[in-house]
Protein chains: 2
Amino acid sequence: MSPKPQMSIGMNILGFGSHSAAWRMGEVPANAYLDAEYYCNIARISERGTLDAIFLADGPALGGDVAQHPAGRLEPTVLLTAVALATQRIGVIATASTTYNDPFNLARRFSSLDHISGGRAAWNVVTNAGDAAAQNFGLAGAPLHVDRYARADEFIDITLKLWDSWEDDAIIGDAVSGRFADPAKVHTPDFVGKHFSVKGPLNLPRSPQGRTVLVQAGSSEGGKALGSRYADAIFTTQTTLEDGQGFYQEMKHRARQWGRNPAHLKIMPGLSTVIGSTEAEAHARFDRLNDFYGEEGLLYQVAARVGLSVAELDPDAPLPWDRIGPVASFERGSHGFLEAQLNLARRENLSIRQLSRRILVGHRLLVGTPEQVADTLEHWFLAGAADGFNIMPDMFPSGVEIFVDEVVPLLRQRGVFRHEYTGHTLRDHLGLPYPASQYARSA
Amino acid sequence: MSPKPQMSIGMNILGFGSHSAAWRMGEVPANAYLDAEYYCNIARISERGTLDAIFLADGPALGGDVAQHPAGRLEPTVLLTAVALATQRIGVIATASTTYNDPFNLARRFSSLDHISGGRAAWNVVTNAGDAAAQNFGLAGAPLHVDRYARADEFIDITLKLWDSWEDDAIIGDAVSGRFADPAKVHTPDFVGKHFSVKGPLNLPRSPQGRTVLVQAGSSEGGKALGSRYADAIFTTQTTLEDGQGFYQEMKHRARQWGRNPAHLKIMPGLSTVIGSTEAEAHARFDRLNDFYGEEGLLYQVAARVGLSVAELDPDAPLPWDRIGPVASFERGSHGFLEAQLNLARRENLSIRQLSRRILVGHRLLVGTPEQVADTLEHWFLAGAADGFNIMPDMFPSGVEIFVDEVVPLLRQRGVFRHEYTGHTLRDHLGLPYPASQYARSA
């Protein structure tokens, strides 16, 4: 009898939590986000819950309003090296841009992280839509979507070649004879493309996972094409089970079309959580967070997303649909998030005031008990809408503590989540095979 | 009475040691250089000896002959984050290229390392002469020397602006009122230059050292100009006391010409060490290392450096001076190293066989007792040839153990080296002041 399928769970450390008032709750000092120990602590708690990985979003520009919100981020590959040293088994997923990096440097840095972590590294590939990032790299604005994705495709192709450039058994390491490596097993990709020319080989032998795990999160056509072709895991925003099932089917189908085994493409929707022992406690926790914004602040969050001012909105009416342009026309923010929010508002015919309490970072939001969280995770998993989840607690560290101490035991009881780690690498946790080097000759 | 001046000491971890046969001695496994713990161990030993910093050289290309030598390196900013987590006080100096990086990304990564290490980070600025690196970044060969240094100058200028872009007291962090930062203290450099345009600000508040310590090692005119203008410390190859004194005077003079306090530019020559309890033991240790190459291998090292074949050389004669072109015409290797070696051979009228036992990586070599090492360090320090030293042991970990356990106590007895750390940051160790942000208004 084959073992029952198990879900994967990633912990998304979005600053102080996915509620942007989290820093005001005083759980940690206002400069905690600049301290590696803040992240190490969350990672150790997550590891106690045998989660698959922790995840760090990123972008190479100062976003947001520094007057009102903690801004800036430690660079993820560096920060997650610290986290890897503070943990033993949990995976570490760092976001990095294909638009604002060079393949050789980035391939090497992820390979280094994979070596140092003993095979626990993953790269979340992003292309960065915003102009602020572009302006830090000599451009007036972000390159066109199509160009960003063409560059990303080439970037990943090169990166895989560099990671594969040393075969698994290239190192001989015989101190007596003085033979260090077999030069026939160290390959020079000599890549010449439209965006990059990279000779190689990588100046690092192959890392413990062979290739760093690849994660992708784009929901555009370009993003889905790229993700289904190369990614090991897809992070996605899905707000209804039906949408989740549809996306799941689509991505598995796309993977098959690339000649891949669809089981090796893991679909992981996001879930923002506000958890309390009772529903009343959960809502009280959420109210405490929302109260920092007041009515005006909450309405502003909706207004800013749809590109209108608060004064133009009637809080008790639905969104003024005729004044909101097509999602594709928005220059700021995630199109996937905006679309999910607009769909939610339309589907449930929410007033703007109601919507303002349902959106958080843009992912599906659940305010409820550990049982309710476990129910929804189990339901989506068994109903074919997810292979795992990217959990985004409202605030840290209490949000991850509640999840690990109260939700994880329920998932274990129900037989859908591991009781202990069964492998050592992130690939092991995710159930992904070890990838052969593309340069290895079949025996 | 002001305290007696103290020398600074950096430990240069060049793979398995500065003798290229070190990996064959079996002190550590042949893949130890891919394991963070190998470096953490050396750093902890160095910290036991209250050394100022450990240092990692680097280049973004696979150099050397993989058949015969361990090749490739973990990326230094990532690796030194691991080392910082394993230590408390010692500085960590990472080499990175201005020719093959973007200022925004690199400024941010070093700022991250400085935050995570609590103010112990330094950047060793290099421009990378070799073509192999260029070919990993879309170029047929390295840019011209003058262009590399012009780019480096602009790169550093931007980097300092990004590090300064948040003033020291920009963060208010008042969770009660919700005021996170004072926007008037977060500046947008908006740099537009010949090589780069970078808007900023950096997406990280100012780091514990204000600015990461800057190290520079170029001995060309361009390197000396750049180093005297921007660097906090200069790593240099000097093989005689007179040359060392001359270089020291020149760099202090150059610093003064830039309007700097020359005491804030630390001159640190390299010293390769092969240490034994007696001279005989030291030479026996060196012979064991050299024996791995045999006569032919040693001669090859000389031949390769001067661009000739072994067959063209008479081991018992001096170098064929008329067949060796000007140093500036050599495309491979460090011009500083080559010049120092040629000067050594000429000065002492060495045969090629004798020279082959005197060169190692190219820095001054001392094969001798702890007393002899302490003597030379003290002598150079007191004679105005050095503010400190970059120590390059023959092999690890024994080379650093001997240095820390047998040389450091002598230097302490003589009153020229600290008994304990008196500060927490690398700036503290080096005796460098905390730099004000260039954007801070004088009160």
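All values derive from a computational prediction rather than experimental measurement.

Thresholds applied
Residues numbered from 1 in each chain as written. Chains lettered and ligands numbered in written order. Predicted model: local features only at pLDDT ≥ 70, side-chain atom pairs only at ≥ 80, totals over all residues. Heavy atoms only, no water. Helix = DSSP H or I, 4+ residues; strand = E, 2+ residues; numbered from the N terminus. Buried < 20%, exposed > 50% of the residue type's maximum accessible area, 1.4 Å probe, protein only. Contact = heavy atoms within 4.5 Å. Areas by Shrake-Rupley, 256 points an atom, 1.4 Å probe, with all protein chains shown as cover. Lys, Arg positive; Asp, Glu negative; His and termini not counted. Charge placed at Lys NZ, Arg CZ, Asp CG, Glu CD. UniProt positions renumbered as here; feature names shortened; annotations may be inferred. Polar contact = N/O pair within 3.5 Å; in protein donor to acceptor, adjacent residues only side chain to side chain. Salt bridge = Lys/Arg side-chain N within 4 Å of Asp/Glu carboxyl O. Phe/Tyr/Trp six-rings, centres within 6.5 Å; stacked < 30°, edge-to-face > 60°. Lys NZ or Arg CZ within 6 Å of the ring centre and 35° of its normal. Pairing = 2+ DSSP bridges. Domains from an automatic or database assignment. Buried area = accessible area lost by both parts, 1.4 Å probe. Least-squares fit on C-alpha atoms with pLDDT ≥ 70 in both. Core = buried A, V, L, I, M, F, W, Y, C linked by side-chain atoms within 4.5 Å. Expected span 1.5 Å × (residues − 1).

Colleague: With reference to specific residues and values, describe the overall build of chain A.
Modeller: The number of helices and strands found in chain A is 14 helices and 13 strands. Its C-alpha atoms give chain A principal-axis dimensions of roughly 80 × 50 × 45 Å. A buried classification covers 61% of the 443 residues belonging to chain A. For chain A, contacts bridging at least 24 residues in sequence account for 76% of all contacts bridging at least 6. Taken as a whole, chain A presents about 16,600 Å² of accessible surface, with 50% of it coming from carbon and sulfur. Both charge centroids of chain A, one from 41 positive and one from 50 negative side chains, sit 5 Å from each other.

Colleague: Let's hear about the side chain of His-363 of chain A: which residues, and what values?
Modeller: Residues and elements named next belong to chain A. Within the fold, His-363 resides in the loop between α11 (352–356) and β12 (364–368). Overall, the relative accessible area of 8% leaves His-363 in the buried class. When residues no more than four places from it in sequence are discounted, the contact partners of His-363 are Thr-236, Thr-237, Gly-270, Ser-272, Phe-337 and Met-392.

Colleague: Please provide a residue-by-residue account of the UniProt feature "binding site: FMN" (unreviewed entry) in chain A, values included.
Modeller: In the numbering adopted here, UniProt assigns the feature "binding site: FMN" (unreviewed entry) to Asp-58, Thr-95, His-145, Tyr-149, Ser-219 and Ser-220 of chain A. For Asp-58 of chain A, a relative accessible area of 16% corresponds to the buried category. Ignoring any residue separated from it by four or fewer positions in sequence, one finds Asp-58 of chain A in contact with Arg-73, Pro-76, Thr-95 and Asn-128 of chain A together with Arg-108 of chain B. Among the polar contacts made by the side chain of Asp-58 of chain A, one reaches the side chain of Arg-108 of chain B at a distance of 2.6 Å. Mapped onto the elements of the fold, Ser-219 of chain A is located in the loop between β9 (213–216) and α6 (221–230).

Colleague: I'd love a proper account of the pattern of salt bridges, names of residues and values included.
Modeller: Opposite charge on two side chains makes pairing possible when the charged atoms of those side chains draw close. Residue and element names in this part refer to chain A. Counted according to the given criterion, the structure contains 48 salt bridges over all chains. A salt bridge links Arg-48 to Asp-405, with the shortest nitrogen-to-oxygen separation between them at 2.8 Å. Note that Arg-48 is positioned in helix α1 (residues 36–48) and Asp-405 in helix α13 (residues 398–413), a separation of 357 residues in sequence. Arg-48 gets classed as partly exposed once you look at its relative accessible area, which sits at 46%. Taken together, the shared-partner salt bridges in this structure form one network comprising Asp-164, Asp-168, Arg-206 and Arg-211.

Colleague: Which residues make up the packing of aromatic side chains, and what values go with them?
Modeller: Across all of its chains, the model carries 22 aromatic pairs over all chains by this definition. A ring pair is formed by Trp-123 of chain A and Phe-155 of chain A, whose centres lie 5.6 Å apart and whose planes are at 55 degrees; its orientation type is tilted. On the criterion of sequence distance, the pair formed by Trp-123 of chain A in strand β4 (residues 121–126) and Phe-155 of chain A in helix α5 (residues 145–164) is long-range, its members being 32 residues apart. Here Trp-123 of chain A falls in the buried class, since its relative accessible area comes to 1%. Connected via pairs of aromatic rings, a cluster forms that spans Phe-16, Trp-23, Tyr-33, Tyr-38 and Tyr-39 of chain A together with Phe-180 of chain B. Lying across the ring of Trp-321 of chain A, Arg-346 of chain A places its NZ or CZ 4.2 Å from the centre.

Colleague: Now, about the pairing of strand β4 (residues 121–126) of chain B: what can you tell me, with residues and values included?
Modeller: For a regular strand, the rule is simple: side chains alternate between the two faces of the sheet. Residues and elements named next belong to chain B. For β4, the buried fraction is high: five of the six residues fall into the buried class. Sheet analysis places strand β3 (residues 91–97) next to β4, joined by six bridges and oriented parallel. Bridging from a neighbouring strand, Ile-93 pairs with Ala-122 of β4. Relative to strand β9 (residues 213–216), β4 is paired through four bridges, and the arrangement is parallel. Across the sheet, Trp-123 pairs through a bridge with Leu-214, a residue of β9.

Colleague: Before we move on, could you go through the domain arrangement of chain A and cite the residues and values that matter?
Modeller: Residue and element names in this part refer to chain A. With domains assigned, chain A is organised as domain 1 (8–273 + 369–430) and domain 2 (278–364). One C-alpha centre belongs to domain 1, the other to domain 2; they are set 27 Å apart. Carbon and sulfur atoms make up 57% of the surface buried where domain 1 meets domain 2, a total of about 2,300 Å² over both sides. Looking only at domain 1, the three residues that lose the most surface to domain 2 are His-19, Thr-237 and Thr-239, adding up to 26% of its buried area.

Colleague: Residues and numbers for the relation of the copies chain B and chain A, please.
Modeller: Superposition record for chain B on chain A: RMSD 0.0 Å, screw rotation 180 degrees, translation along axis 0.0 Å. Look at the turn and shift together and you get a two-fold axis relating the two. Taken as a fraction of all interface residues of chain B, those also at the interface in chain A reach 100%, which identifies the copy contact as same-surface.

Colleague: Residues and numbers for the nonpolar core, please.
Modeller: Grouped together as the largest cluster of nonpolar side chains are 202 residues, with contacts concentrated most on Trp-123, Leu-377 and Phe-403 of chain A together with Trp-123, Leu-377 and Phe-403 of chain B. Once residues lying within four places of it in the same chain are set aside, the contact partners of Leu-377 of chain B are Met-7, Leu-271, Phe-389, Ile-391, Phe-403, Val-407 and Leu-411 of chain B. Ala-303, Val-306, Leu-338 and Ile-352 of chain B belong to the second-largest nonpolar core, a separate cluster that totals 19 residues.

Colleague: Which residues make up the environment of Ile-90 of chain A, and what values go with them?
Modeller: All names here are of chain A. Mapped onto the elements, Ile-90 comes out in the loop between α2 (76–85) and β3 (91–97). Taking C-alpha positions, Ile-90 is 7.2 Å from Thr-50, a pair spaced 40 residues apart along the chain. In this structure Ile-90 touches Ala-43, Ser-46, Glu-47, Leu-51, Asp-52, Ala-53, Ile-54, Arg-120, Tyr-421 and His-429, once residues within four positions along its chain are discounted.

Colleague: Can you lay out helix α9 (residues 294–306) of chain B for me, pointing to particular residues and giving the numbers?
Modeller: Residue and element names in this part refer to chain B. The end-to-end C-alpha distance of α9, which contains 13 residues, comes to 19 Å, matching closely the 18 Å that a straight helix rising 1.5 Å per residue would cover. Within α9, burial applies to Gly-297, Leu-298, Leu-299, Gln-301, Val-302, Ala-303 and Val-306. Residues of α9 that are buried sit in contact with α8 (279–291), α10 (335–347) and α11 (352–356). Gly-307 sits one or two residues past α9 and shows a positive phi near 80 degrees.

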